[in-house]
Amino acid sequence: MTRPLTVLAVCLGNICRSPTAEAALQEAAAEAGLELEVRSAGTGGWHVGEPPDPRMRTAAARVGLTIDGSAERVDRVALDDADLVLAMDRSNLADLERLAGSAGIHTPIVLFREFDPAATGEVEVPDPYYGGEDGFDEVVAICRRTATTLVGLLAHGGVDEALAARGSVQP
Ligand code: 4NP
């Protein structure tokens, strides 16, 4: 039995950006008919067990996206289980590379926004936690368009095709 492709979205708290990326990836995979296992986690443990931030849930709901689950902290097992790890910002990426390196894990770890068809050089999903409502809406928009593009690549040529297209996706 083959197991579905598994991707893991990671941010700092696992209550704003990565649960939104997770839901957007699930939405895009369903639309594309791609069987995709999507998980999310945070590099920090402060919010473990909590549901997504209510401001994030509200912004997602504005476009019909439901985000749920409870926050988890990323660990070696989660990294090892994934076929592709998607970091929301450079700080997350550095933390994940350190964790993977210390455990000899070779799962590819990339910035999620390298697949954003509308990114003009910006490769981080901005942290909305200390900002206003607009920031949460922006996270939703980024996650949805990036998820659609990434799922298209995964559906066509798997992780290899996605990795080859990093940073050069077209609108
Ligand atoms: P996230 O946002 O990493 O997108 O889930 C944050 C959540 C919590 C905190 C910072 C960012 N915090 O400082 O507690």
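This text goes with the structure placed above it.
Procedures and definitions
- Residues numbered from 1 in each chain as written.
- Predicted model: local features only at pLDDT ≥ 70, side-chain atom pairs only at ≥ 80, totals over all residues.
- Heavy atoms only, no water.
- Helix = DSSP H or I, 4+ residues; strand = E, 2+ residues; numbered from the N terminus.
- Buried < 20%, exposed > 50% of the residue type's maximum accessible area, 1.4 Å probe, protein only.
- Near = heavy atom within 4 Å.
- Polar contact = N/O pair within 3.5 Å; in protein donor to acceptor, adjacent residues only side chain to side chain.
- Areas by Shrake-Rupley, 256 points an atom, 1.4 Å probe, with all protein chains shown as cover.
- Nonpolar A, V, L, I, M, F, W, Y, C, P; charged D, E, K, R; others polar.
- Salt bridge = Lys/Arg side-chain N within 4 Å of Asp/Glu carboxyl O.
- Arc of directions from axis to C-beta.
- Contact = heavy atoms within 4.5 Å.
- Core = buried A, V, L, I, M, F, W, Y, C linked by side-chain atoms within 4.5 Å.

Further remarks concern the side chain of T20. Position of T20 relative to the elements: it lies in helix α1 (residues 17-32). In this structure T20 comes out as buried when scored by relative accessible area, which is 0%.

All residues in the neighbourhood of the ligand are listed as C11, L12, G13, N14, I15, C16, R17, H47, D127, Y129 and Y130. In the environment of the ligand, an oxygen atom lies 3.3 Å from a nitrogen or oxygen atom belonging to the backbone of N14. Contact between the ligand and H47: an oxygen atom at 2.8 Å from a side-chain N or O atom of the residue. Within the complex, the protein chains bury 92% of what would otherwise be the 360 Å² of accessible surface of the ligand. Taken together, the residues of the shell around the ligand break down into six nonpolar, three polar and two charged.

If you walk through the whole model with that rule in mind, you get 13 salt bridges. The partner of E27 in a salt bridge is R144, with the nearest N and O atoms 3.0 Å apart. Within this pair, whereas E27 is found in helix α1, its partner R144 is found in helix α5 (residues 133-165), the two being separated by 117 residues in sequence. For E27, a relative accessible area of 22% gives the class partly exposed. For R144, a relative accessible area of 27% corresponds to the partly exposed category. Each of the salt bridges in this network shares a partner with another, and the network as a whole consists of R17, D89 and D127.

Among the residues of helix α2 (residues 54-62), those classed as buried are M56, A59 and A60. Seen along its axis, α2 keeps its buried residues to an arc of 100°; they face one direction. On its buried face, α2 sits against α1 and α5. At the exit of α2 stands G64, carrying a positive phi of roughly 85°.

Let's shift gears to the nonpolar core. With 41 residues, the main nonpolar core has L25, L86, F112, L150 and L154 as its most contacted residues. If we skip the residues at most four places from it in the chain, L154 touches L5, V7, L34, L36, L84, V159 and A162. Of all hydrophobic cores here, the second largest spans 15 residues; its members include A41, A87, A100 and I109.

Bear in mind that shape data such as this cannot, by itself, settle questions of function.
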